[in-house]
Structures are given as C-alpha cells and as structure tokens.
Amino acid sequence: MLGVTPNRGTVSMVEVRFQFTPELLREYSNAALGNATELLKEASLLHKHGHVARVYFLAVASIEEIGKALQAFDAQGRNLADSAVASKLKRAMEDHSQKITAAFTAWLLASSNLPEAVMPAINLMIHLKHGREPSMYTDIRFDSSKVQVPAAVVREKAAYDCVRLAADCLAHAKKHVAEKTPEPRTRAQDQLFAMKSGQFQKIANTADFWWYYIAQFKSGQQDLAEVVIRYQEEYVTRGRRFKDANGE
C-alpha cells in the first residue's frame, strides 16, 4: 500500500454535490500556491541530478497549480450560488490548458506595458501546453512512424527556462494574492463566464455583434460582458439583428 488517501470524489460514478464558498476557495488558492512551491523545489532538485524531462514536467505542473490558485482567488468575487458559474469554475480548474493560461494573469496584470507582454506570454503558453505530455510519456509519432521518448524531446535549456518561468509566475501570483482583493463580479460578467465557449464564439464571429459593440462603446458602455449579454438577450434570443432594428 502506498499510504495515499484516495479522493473519493474523483472516482465515484455519482458526482458529489457541494457548494463553493469564498472561504473554501481561499483555502484552495493558498493550498495550490503551497503545492506549486513544493513542485518547483522538486523540479530544482531533479535538475541537479540531470533528470531533464521530469524537470520540465514538474515545472509545468507547478505552473498549472499557480493557475488553479489564481482561478480560485478570482472566483471569490463571483456569484457562487449560481450553478452555472459553479459548474464552469469546476471545469476550468480541471482543464490543463485553462490552468496554464490563468497562471500568467497576475504577471500580465503587473506588466507596465501590457501589449508588449501579451504576445511573448501567448507563445510561452502554447509551448507549455504542447510540451507537457511529451515530457512525461512515451508516444508514437505517426507522421514519422518513430517512437518518441521524453528524454529525447526535452532539451536541458527548455527545462531550465521552464523552471525559471514557473518561479516568475509563482512570485507574481503570491504578490497578487497577498496584495489584491477578489473583484466583485457583475451579473453580466458571471453570465459571460458561465456561457458555453461555442455560444460566445458564435456571437463574436458575427459582424452584426461588432456593429452593436461599436454603438455601445460610443454611448459609453465599455464593459464587454454587459455588451455581450445585452446582445444575446435583445437580439440573439429574439432572432433579430442590430443593424436591421436600427434601419442600417
């Protein structure tokens, strides 16, 4: 026996119902930051002994924990009694890609030049999302009919850079959590957060929405969530178009 207590909620066929609370999320955020710190220490120890591929994997795992900590911190300002919000939050904290993206938020918010910081951050996120699995597991490259092993995939510099990146993300996340207060979210912001990604993409890919957004922006409404939800309620659900309704 390994002496590890199983998390019954992850293996049960029946999903356990529970209520997110600010207190629970605060505890979860702090615990995730603590685990991220431990994972980073372990990655550094493995680096000293030349286990390059595992260094990269643990560093990415640390970044994911940082992202989860920031997701939990941010969610304290949401309407947690809304089942749609709670479900979306749960899914986001279980999604590897979303956790990696979230890990960069505190860093980007602290940037003095956000436009210059965004593109490098996006490139890093993409590399981390693609490199996570190959750094831990063997695979078959079907495009070349070759077996891929972690030790051959991860370069030492990439592993070292990933450790440094995790350390930077962790420092910014700890500072953010220590100095900031979770921002209270509006009804529209919660609705946009809970909206299915395909539904939002359908709206965003509609030229009529952007005509509506421009008109709203000119009238002084700069909150994207408010604009999206209003457009959804006033036009999409009623099968109408903004330009038609305004004689354009």
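Check the entry above for the structure.
Residues numbered from 1 in each chain as written. Predicted model: local features only at pLDDT ≥ 70, side-chain atom pairs only at ≥ 80, totals over all residues. Heavy atoms only, no water.

A. Just the overall build of the protein chain, in detail. A tally of regular secondary structure across the protein chain gives 14 helices and two strands. Out of the 248 residues belonging to the protein chain, those deemed buried represent 36%. Contacts in the protein chain between residues at least 24 apart in sequence constitute 71% of all its contacts with a sequence separation of at least 6. For the protein chain, the exposed area adds up to about 15,500 Å²; of that, 55% sits on carbon and sulfur atoms. (Helix = DSSP H or I, 4+ residues; strand = E, 2+ residues; numbered from the N terminus. Buried < 20%, exposed > 50% of the residue type's maximum accessible area, 1.4 Å probe, protein only. Contact = heavy atoms within 4.5 Å. Areas by Shrake-Rupley, 256 points an atom, 1.4 Å probe, with all protein chains shown as cover.)

B. Broad picture of the packing of helix α2 (residues 22-48) against helix α3 (residues 52-75). α3 packs onto α2 with a crossing angle of 165° between their chain directions and a minimal axis gap of 8 Å. Regarding the angle of α2 to α3, the classification is roughly antiparallel. You can see that α2 and α3 cross each other, and the crossing is left-handed. In the contact of α2 with α3, the residues fall into 18 nonpolar, four polar and four charged. (Axes fitted to C-alpha atoms, helices over the stretch in contact; angles between N-to-C directions. Parallel < 35°, antiparallel > 145°, perpendicular 65-115°, else oblique. Left-handed = near helix turned anticlockwise from the far one by under 90°. Nonpolar A, V, L, I, M, F, W, Y, C, P; charged D, E, K, R; others polar.)

C. Geometry of the packing of aromatic side chains. Per the stated rule, a full pass over the model turns up 11 aromatic pairs. Each ring, one from Phe104 and one from Trp107, has its centre 6.2 Å from the other, and the planes form 5°; the classification is stacked. An aromatic cluster of three or more residues is present, and its members are Phe209, Trp210, Tyr212, Tyr213, Phe217, Tyr231, Tyr235 and Phe242. The positively charged end of Arg78 is found above the aromatic ring belonging to Phe193, 4.0 Å away from the centroid. Lying across the ring of Phe193, Lys88 places its NZ or CZ 5.5 Å from the centre. (Phe/Tyr/Trp six-rings, centres within 6.5 Å; stacked < 30°, edge-to-face > 60°. Lys NZ or Arg CZ within 6 Å of the ring centre and 35° of its normal.)

D. The side chain of Glu64, seen in detail. Relative to the helices and strands, Glu64 resides in helix α3. Residue classification places Glu64 among the buried residues on the basis of a relative accessible area of 5%. Engagement of the side chain of Glu64 in a polar contact is seen with the side chain of His96, the distance being 2.8 Å. Residues contacting Glu64, with those up to four places away along its chain left out, are His96, Lys99, Ile100 and Arg132. (Polar contact = N/O pair within 3.5 Å; in protein donor to acceptor, adjacent residues only side chain to side chain.)

E. Up close: the nonpolar core. If you look at the biggest cluster of nonpolar residues, it comprises 35 residues, and the most contacted ones within it are Tyr56, Ile63, Ile66, Phe104, Leu128 and Cys162. Every element with two or more residues in this core is listed here: α2, α3, α5 (96-103), α7 (114-131) and α9 (156-179). Examining the composition of this core, we find that 13 residues originate from one element, α3, more than from any other. In contact with Cys162, other than residues within four places in its own chain, are Tyr56, Ala59, Val60, Ile63 and Leu128. Grouped together as the second largest cluster of nonpolar side chains are 13 residues, Ala188, Ile203, Ile229 and Phe242 included. (Core = buried A, V, L, I, M, F, W, Y, C linked by side-chain atoms within 4.5 Å.)

F. Highlighting the side chain of Gln148. Considering the arrangement of structural elements, one finds Gln148 in strand β2 (residues 146-148). Excluding residues within four positions of it along the chain, Gln148 makes contact with Pro134, Tyr137, Thr138, Asp139, Arg141 and Val153.

G. Layout of α9. For α9, with 24 residues, the first-to-last C-alpha span of 35 Å sits near the 34 Å given by 1.5 Å per residue. Among the residues making up α9, those that are buried are Ala159, Cys162, Val163, Leu165, Ala166, Cys169, Leu170, Ala173, His176 and Val177. (Expected span 1.5 Å × (residues − 1).)

H. Quick look at helix α12 (residues 207-218). Over its 12 residues, α12 runs 17 Å from end to end, which matches the ideal 16 Å to within 8%, given 1.5 Å per residue. Buried within α12 we find Asp208, Phe209, Tyr212, Tyr213 and Gln216. Seen end-on, α12 carries its buried residues on one side only, within an arc spanning 140°. In α12, those exposed residues whose orientation departs by more than 90 degrees from the buried face are Ala207 and Lys218. (Arc of directions from axis to C-beta.)

I. Here's a closer look at the environment of Phe73. The residue Phe73 is located in helix α3 in this model. In this structure the C-alpha to C-alpha distance between Phe73 and Lys180, which are 107 residues apart in sequence, comes to 9.6 Å. Setting aside residues up to four positions removed in sequence, Phe73 forms contacts with Ser29, His176, Val177, Lys180, Thr181 and Pro182.

J. Expanded view of the environment of His130. Tracing the chain through its elements places His130 in helix α7. For the pair His130 and Ser97, spaced 33 residues apart in sequence, the C-alpha separation works out to 9.4 Å.

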